[in-house]
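Overview (structure and organization)
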Amino acid sequence: MTTITDTPIDNGVDTAALLGAREALSTAPQAAEFTWRANCSWVHGTHSRTTVDGFSGLGADHDHRSTFVFDADHPECFASQDLGATPAEYVLAALVSCLTAGVAAVAQHRQVQLTSVSATIEGNMNVLGILGADPDVRNGFDDITIRFAIEADASPDEVRAIVAQSQKRSAVYDVVTNPTNVTVEIA
Amino acid sequence: MADTTTVIIGAGHAGLAMSRRLTERSIDHVVLERGEVAHSWRTERWNSLRLLTPNWHSRLPGMGDCDADPDGFMSMSEVVALLAEYAEAISAPLHDRTTVTRVSAAGTGYDVVTDQGVWRAPTVVLASGSSNIADVPAMAQRVPRSVTMCTPLTYRSPDDLDERGVLVVGASATGIQLADEIQRSGRPVTIAVGEHVRLPRSYRGRDIFWWMDASGILDQRYDEVDDLVRARHLPSPQLIGHPDRRSLDLNALAATGVRVVGRLAGIDRGTAQFSGALANVCALADLKMNRLLDSFDDWARRTGDVDADAPERFAPTCVSARPTLGIDLGDGHIGTVIWCTGYRPDYRWLDVPVLDRRGRIRHAGGAVVDAPGMYLLGANLLRRRRSSYIGGAASDTADLAAHLHHHLGRNRESTAALIRS
């Protein structure tokens, strides 16, 4: 006789806590209102430094464990010093990391063990738009393509469903695919 | 003021079926109806509409065999005729042309105020329908004035529209049916598609409702469903009850020339902006449809002798590589926007605190929470998946009539105890 020991599925995501939060917040809707923030200072040329150290939510202000710093610049071919990723690349980083987090969370919820997840993201952009050289060309990406490579204990359709659900529940995917009102003021 | 035991508000399929159940139990009641029997079916549906469910699924309690083709789909005039005949056959104590203006708590029961007088009753059944008001998003205010707007409650036929293009917002059963008939009328249609439910009309040679019925899905109870709030608010499946039994999905619409775009996300200075997530909502719908078909195949294998053709799979939804992200509503190409963005019930007359913060009635399988003796009928997935369709009224009213009967018994005991003490 053999004994089969079930190894619990563990992608490092505490879905029980997330489901508990969903339950709790649906009865206390004000606590679900979050504000995310970042502060940016111009350094020199196109180089800027953005810091993220806290956010508000659950009816209180919260500090991150440490201050996160993001240097942004433009590459040398735009006559800049290339001291950081371009802001457009931060958008790509935000999108792909949001979807990757989602893949882990959805897989955990669906009891699917992940072995590895990697993704490549590409955004195509015609820079005639930002250079103001062609009014018919938009400034932003024409399209964005993400390719996931996922090793998991699941069928190809289950993996497709996890990736699709991750898009459905992604904040950054929503920001990128839908319009958002943006207000810019001067202090 | 008149007294009765139960006031049923609404003489549609649900209210009439409940009337029959109460008569079976000799419970004294009245059925109040603002217009005539089947008022909404008579006055708030488009001309070509037929039920999504085959006739065999539309049996009401106590109704004899019906002459209609069991596999056919009733037109609206057939639904109206059926319900009018049913009201006669069951001798429903009907008070038509009686509009309820207020329901409030009174003692251990309720006062139902109407334009024809007041009823007082220990029990009330809300069967006034779940599609009284078209749910139109606030952004409709930003549609340019040169464009005519309507909802499925006011739309009747393509002939009522001008010759220009039409933007159909929403891809539930309503949205795809209207997109289909308007495109066929020669007006170019754009359909904005968010999350949707794709289903084939027939699978393995049998109607999709046959599979859902036989495999037990329609009997799945509200307390067995994973995410009840979500399940109750899913858009209706992309189906049409057409006599030729065709499937009507986004591929079929695209084949007739309909332009398929993402969810309408906003309107900015006259430009309708569509979500870039179209490919994903289509992928989700395809995956979900295939999971459902897998479950039918599994069920058929387990059951053994299912008389059906071989398993099949349908072409994935074909989405253009670069769906349109925006169209200028003011440039004259679009003449009409039709908001197929869902419906909600009208409870403005309900003066009992039973609504949640979203304006929805809190209920456990039709028994309204914090309002003993008040019942709800005819809502999506009220007690089981079948509840969303006419054919669900038979089992829902059987259950809730029993609950109501039991409640009356308990009420009488406590009143008697009160008098004795």
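Being a predicted model, the structure only gives us computed values, none of them experimental.

Reading the values: rules and limits
Residue numbers run consecutively from 1 along every chain, following the written order of its sequence. Here the convention is simple: chains get letters from A, ligands get numbers from 1, in the order in which they are written. The predicted origin of the model limits local features to residues at a pLDDT of at least 70 and limits the giving and counting of side-chain atom pairs to 80 or more, whereas totals for whole chains, interfaces and linings rest on all residues. Values shown for side chains rest on all heavy atoms present in the structure; no hydrogens or waters enter the calculation. Secondary structure is summarised from DSSP: a helix means a run of H or I of at least four residues, a strand means a run of E of at least two, and numbering begins at the N terminus for each. Accessible area is worked out with a 1.4 Å probe on protein chains only. A residue is then buried under 20% of its type maximum, exposed over 50%, and partly exposed in between. Residues count as neighbours in contact if any of their non-hydrogen atoms are within 4.5 Å of one another. With residues, only the protein chains shown are counted as cover, and all accessible areas are computed by Shrake-Rupley using a 1.4 Å probe. Only strands that DSSP links by at least two bridges are regarded as paired with each other. Where helices are involved, their axes are fitted lines through C-alpha atoms of the stretch in contact, as for all axes, and angles between N-to-C directions lie from 0 to 180°. In the sections that follow, a salt bridge refers to a side-chain nitrogen of Lys or Arg positioned within 4 Å of a carboxyl oxygen of Asp or Glu. As annotated, the domain borders come from an automatic or database domain assignment. Summed over both partners, the accessible area (1.4 Å probe) lost when two parts come together is defined as the buried area. Nitrogen and oxygen atoms within 3.5 Å of one another constitute a polar contact, given that in protein one can donate a hydrogen and the other can accept it, and given that sequence-neighbouring residues count only through two side-chain atoms. All residues other than Ala, Val, Leu, Ile, Met, Phe, Trp, Tyr, Cys, Pro, Asp, Glu, Lys and Arg, Gly among them, are scored as polar; the first ten of these are nonpolar and the last four charged.

**Points about the overall build of chain B**
- Regarding its fold elements, chain B presents 9 helices and 23 strands.
- Seen through its C-alpha atoms, chain B measures out along the principal axes to roughly 75 × 60 × 40 Å.
- Across the 421 residues in chain B, those meeting the buried criterion constitute 53%.
- Of the contacts formed within chain B by residues at least 6 apart in sequence, a portion of 71% connects residues at least 24 apart.
- For chain B, the computed accessible surface area is about 18600 Å², with 49% contributed by carbon and sulfur atoms.

**With respect to the sheet that holds strand β11 (residues 165-169) of chain B**
Residue and element names in this part refer to chain B.
- Spatial ordering of the open sheet is given by β10-β19-β11-β12-β15, a layout of 5 strands whose pairing is parallel. One side of each edge strand has no neighbouring strand; the edge strands of this open sheet are β10 (148-150) and β15 (259-262). Neighbour to neighbour, the strand axes of the sheet diverge by 20 degrees on average, direction disregarded.
- Of the strand pairs in this sheet, strand β12 (residues 189-193) and β15 are connected by 4 bridges, and their pairing is parallel. The partner of T190 across the bridge, within β15, is R259.

**Describing the sheet that holds strand β5 (residues 100-106) of chain B**
Residue and element names in this part refer to chain B.
- Strand order in this open sheet of 4 strands is β1-β7-β6-β5, and the pairing throughout is mixed. A single partner strand is all that each edge strand has here, and the edge strands are β1 (2-3) and β5.
- Looking at chain direction, β5 and strand β6 (residues 109-114) are connected through 6 bridges and run antiparallel. Considered in β6, the bridge of A106 is made with G109.

**A few points about the pattern of salt bridges**
- Counted according to the given criterion, the structure contains 38 salt bridges over all chains.
- Ionic pairing is found between D71(A) and R49(A), a salt bridge with its closest N-O pair at 3.0 Å. In this pair, D71(A) is assigned in strand β4 (residues 60-72) and R49(A) in strand β3 (residues 47-57), connecting sequence segments 22 residues apart.
- Owing to a relative accessible area of 39%, R49(A) belongs among the partly exposed residues under this scheme.
- Note that K168(A) is salt-bridged to E195(B), the shortest N-O span being 3.1 Å. In this pair, K168(A) is assigned in helix α3 (residues 156-168) and E195(B) in the loop between β12 and β13 (202-203), connecting two distinct chains.
- The buried category is assigned to K168(A), whose relative accessible area is 18%.
- Linked by salt bridges that have partners in common, D180(B), R184(B), D244(B) and R246(B) make up one network.

**Observations concerning the domain arrangement of chain A**
All names here are of chain A.
- Each assigned domain of chain A is listed with its residue range as follows: domain 1 (32-85) and domain 2 (86-178).
- Computed from C-alpha atoms alone, the centre-to-centre distance between domain 1 and domain 2 is 21 Å.
- Listed by partner, the interface residues are 9 residues for domain 1 and 5 residues for domain 2.
- Approximately 500 Å² of surface area, both sides summed, lies buried where domain 1 meets domain 2, with 77% of it carried by carbon and sulfur atoms.
- When the area that domain 1 buries against domain 2 is broken down by residue, the three leading residues are F70, F78 and A85, summing to 64%.
- Viewed at the interface, domain 2 and domain 1 are joined by 0 salt bridges.
- Taken together, the connections running from domain 1 to domain 2 amount to 1 residue pair in polar contact (both at pLDDT 80 or more).
- Of the residues in the side of domain 1 that touches domain 2, the class split is 5 nonpolar, 2 polar and 2 charged.

**Topic: the interface of chain A and chain B**
- With 17 residues of chain A in contact, the opposing surface of chain B contributes 19 residues.
- When chain A packs against chain B, close to 1300 Å² is buried across both sides, 48% of that on carbon and sulfur atoms.
- Counting across the chain A and chain B interface gives 3 salt bridges.
- We note a salt bridge from R22(A) to D227(B), for which the minimum N-O separation is 3.3 Å.
- Counting the contacts that link chain A with chain B gives 7 residue pairs in polar contact (both at pLDDT 80 or more).
- Elements that contribute at least two residues to the side of chain A that touches chain B include exactly α1 (15-27), α3 and α4 (171-177) of chain A.
- Ranked by residues supplied to the side of chain A that touches chain B, first place goes to α3(A) with 7 residues.
- In terms of residue class, the side of chain A that touches chain B is built from 5 nonpolar, 5 polar and 7 charged.

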